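Chain by chain, the residues run as shown.
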Amino acid sequence: LNKHNIFETTLAEFLAILYLPMEKSFKVFQEKLQQMAEEGNLPTSPKDHYAMWLKILEGHYMSLFKSVDYTEALHRVLKHFEHFMIARNETMQDYLQMMPVVTTKEIDDLYKEFHLLKKRVNKLEKLLGVPSHVTGTGK
């Protein structure tokens, strides 16, 4: 739960950083419209308004994506997400061990042991000169 809370907090901080360009763009767009209104030069179509706002927004996002704050925030989110996922998987493994269910670790150990046994049988067959197609253990 602690890892989850830390991840959620860093994710909220990251999302707040991602929202900053929207805020700035609305503010700059409003100021630009006010200036254009004072000059008597307002665009008439909604498409023109949207294109102007989008251009401002793109500029703010380009600045954000190049900033150190964005990169560090993204790094923190990914790091804490990884820590949360590891803790979650370990917790699930602990719960599964209390139940009569085979865990991923037990299956992996079984496959590893099976692989080693196949290698030993193949090696012994070669030493004895038994063709592998007779026993069906060959590759």
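Data block above holds the structure.
**A few points about the environment of Leu-110**
Working step 1: Structurally, the position occupied by Leu-110 is in helix H4 (residues 104-128).
Working step 2: Taking the C-alpha atoms as reference points, Leu-110 and His-49, 61 residues apart in sequence, are found 64 Å from one another.

**Here we look at the packing of helix H1 (residues 2-39) against helix H2 (residues 46-66)**
A pair of packed helices can be characterised by two numbers: the angle between their axes and the separation between those axes.
Working step 1: Running from N to C, H1 and H2 point in directions that differ by 140 degrees, and their axes come no closer than 9 Å. In this view, H1 runs oblique relative to H2, as classed from their interaxial angle. Of the two possible hands of crossing, H1 and H2 adopt the one that is right-handed. Facing Ile-17, Leu-18, Pro-21, Met-22, Lys-24, Ser-25, Phe-26, Val-28, Phe-29, Lys-32, Leu-33 and Met-36 of H1, the residues of H2 in contact are His-49, Met-52, Trp-53, Ile-56, Leu-57, His-60, Tyr-61, Leu-64 and Phe-65.
Working step 2: The residue makeup of the contact of H1 with H2, split by class, is 16 nonpolar, 3 polar and 2 charged.

**Some words on H1**
Working step 1: In this model H1 runs 56 Å from its N-terminal to its C-terminal C-alpha over 38 residues, within 8% of the 56 Å that 1.5 Å per residue would give.
Working step 2: Taken as a whole, H1 carries its principal kink of about 30 degrees at Tyr-19; the proline Pro-21 stands between one and four residues after it.
Working step 3: Buried residues belonging to H1 abut H2 and helix H3 (68-98).
Working step 4: Gly-40 occupies a position one or two residues after H1 and carries a positive phi of about 70 degrees.

Here is what the cut-offs are and how they apply
Residues numbered from 1 in each chain as written. Predicted model: local features only at pLDDT ≥ 70, side-chain atom pairs only at ≥ 80, totals over all residues. Heavy atoms only, no water. Helix = DSSP H or I, 4+ residues; strand = E, 2+ residues; numbered from the N terminus. Axes fitted to C-alpha atoms, helices over the stretch in contact; angles between N-to-C directions. Parallel < 35°, antiparallel > 145°, perpendicular 65-115°, else oblique. Left-handed = near helix turned anticlockwise from the far one by under 90°. Contact = heavy atoms within 4.5 Å. Nonpolar A, V, L, I, M, F, W, Y, C, P; charged D, E, K, R; others polar. Expected span 1.5 Å × (residues − 1). Bend = angle between axes of the 7 residues up to and from the residue.

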